[in-house]
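Report on the structure
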Amino acid sequence: MAVDGNLQFIREKIYEIKSAVMYSMSEGVVKLPNSIVSVVKVDDEGNIWFVCSPPLRRLEASECIFPARLHFYRKGISFHVEVSGAATIINQEFAENQTVDKPLLIKMNMTNVEYSAVAEKKPKSKMEVLLTDTYKWLLRTIALPRQDRSILSKLS
């Protein structure tokens, strides 16, 4: 079985960030709220398994399969990943005595993946800092007097 290089690359990036914001793109009246999710695994078929906290109210009327988008981003990491696809609720146990602490397991088939690397800023050299500070100082301290008459009136 050949391993897809792109899938392996995306898997490594997702494991590096490990958490995402899930947006439910469902058109239904009752849907899962946006929440922060934690990745459990990314399998070889291109599915992301993740857990999220269950909603505060029961969602028997919500869809078990719904379109969703995951946005993987972490401060200090120079890239972010957005994944969209069909998400399926795996452990839908909405009993009356369900505790709020039990996480909700969801499997999402990745159909669209966007990887964006953020270009890091090059630090300025001492000469660039000196020139920038001098230019700002000149603009603050040297002000040209404003003339009431225009230059065209002087020409005629």
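Notes on the structure in this doc start here. (Residues numbered from 1 in each chain as written. Predicted model: local features only at pLDDT ≥ 70, side-chain atom pairs only at ≥ 80, totals over all residues. Heavy atoms only, no water.)

Our focus in this paragraph is the overall build of the protein. A count of helical and extended segments in the protein gives three helices and six strands. Helices and strands in the protein line up, N terminus first, as α-β-β-β-β-β-β-α-α. Across the 156 residues in the protein, those meeting the buried criterion constitute 28%. For the protein, long-range pairs separated by at least 24 residues make up 62% of all intrachain contacts whose partners lie at least 6 apart in sequence. (Helix = DSSP H or I, 4+ residues; strand = E, 2+ residues; numbered from the N terminus. Buried < 20%, exposed > 50% of the residue type's maximum accessible area, 1.4 Å probe, protein only. Contact = heavy atoms within 4.5 Å.)

Within this structure, the stated rule accounts for two salt bridges. Across the pair Asp44 and Arg11 runs a salt bridge, and its minimum N-O distance is 2.9 Å. Placement of the pair is Asp44 in the loop between strand 2 (35-42) and strand 3 (47-52) and Arg11 in helix 1 (residues 5-17), with a sequence separation of 33 residues. By relative accessible area, Asp44 is classed as partly exposed at 47%. Judged by relative accessible area, which is 11%, Arg11 ranks as buried. A salt bridge links Glu82 to Arg69, with the nearest nitrogen and oxygen atoms 3.8 Å apart. (Salt bridge = Lys/Arg side-chain N within 4 Å of Asp/Glu carboxyl O.)

Let us look at helix 1. For helix 1, spanning 13 residues, the distance from its first C-alpha to its last is 19 Å, which sits close to the expected 18 Å at 1.5 Å a residue. For helix 1, every residue scored as buried is listed here: Leu7, Ile10, Arg11, Lys13, Ile14 and Ile17. Relative to the axis of helix 1, the buried residues are bounded by an arc of 170 degrees and lie together on one face. Elements that come into contact with the buried residues of helix 1 comprise strand 1 (19-24), strand 2, strand 3, strand 4 (65-72), strand 5 (79-89) and strand 6 (104-117). Positive backbone phi, approximately 75 degrees, marks Lys18, located one or two places after helix 1. (Expected span 1.5 Å × (residues − 1). Arc of directions from axis to C-beta.)

To continue, consider the nonpolar core. Counting residues in hydrophobic clusters, the biggest one holds 27 residues, and the most contacted among them are Ile14, Ile48, Leu70, Phe72 and Ile106. Secondary-structure elements contributing two or more residues to this core are helix 1, strand 1, strand 2, strand 3, strand 4, strand 5 and strand 6. The element that contributes the greatest number of residues to this core is strand 5, accounting for five residues. (Core = buried A, V, L, I, M, F, W, Y, C linked by side-chain atoms within 4.5 Å.)

Time to look at the pairing of strand 1. Bridge analysis of strand 1 against strand 2 gives four bridges, and the strand direction is antiparallel. Among the inter-strand pairings, Met22 is bridged to a residue of strand 2, identified as Ser35. The pairing of strand 1 with strand 4 spans four bridges and is antiparallel. When the bridges of strand 4 are listed, Met22 appears paired with Leu70. (Pairing = 2+ DSSP bridges.)

Let us look at the pairing of strand 2. Pairing of strand 2 with strand 3 involves five bridges; the strand directions are antiparallel. Note on strand 3: the bridge partner recorded for Val37 is Cys52. The loop that links strand 2 with its antiparallel partner strand 3 comprises four residues; one of these, Gly46, has a positive phi angle of about 90 degrees.

So far we have only geometry, and geometry alone does not tell us how the molecule works.
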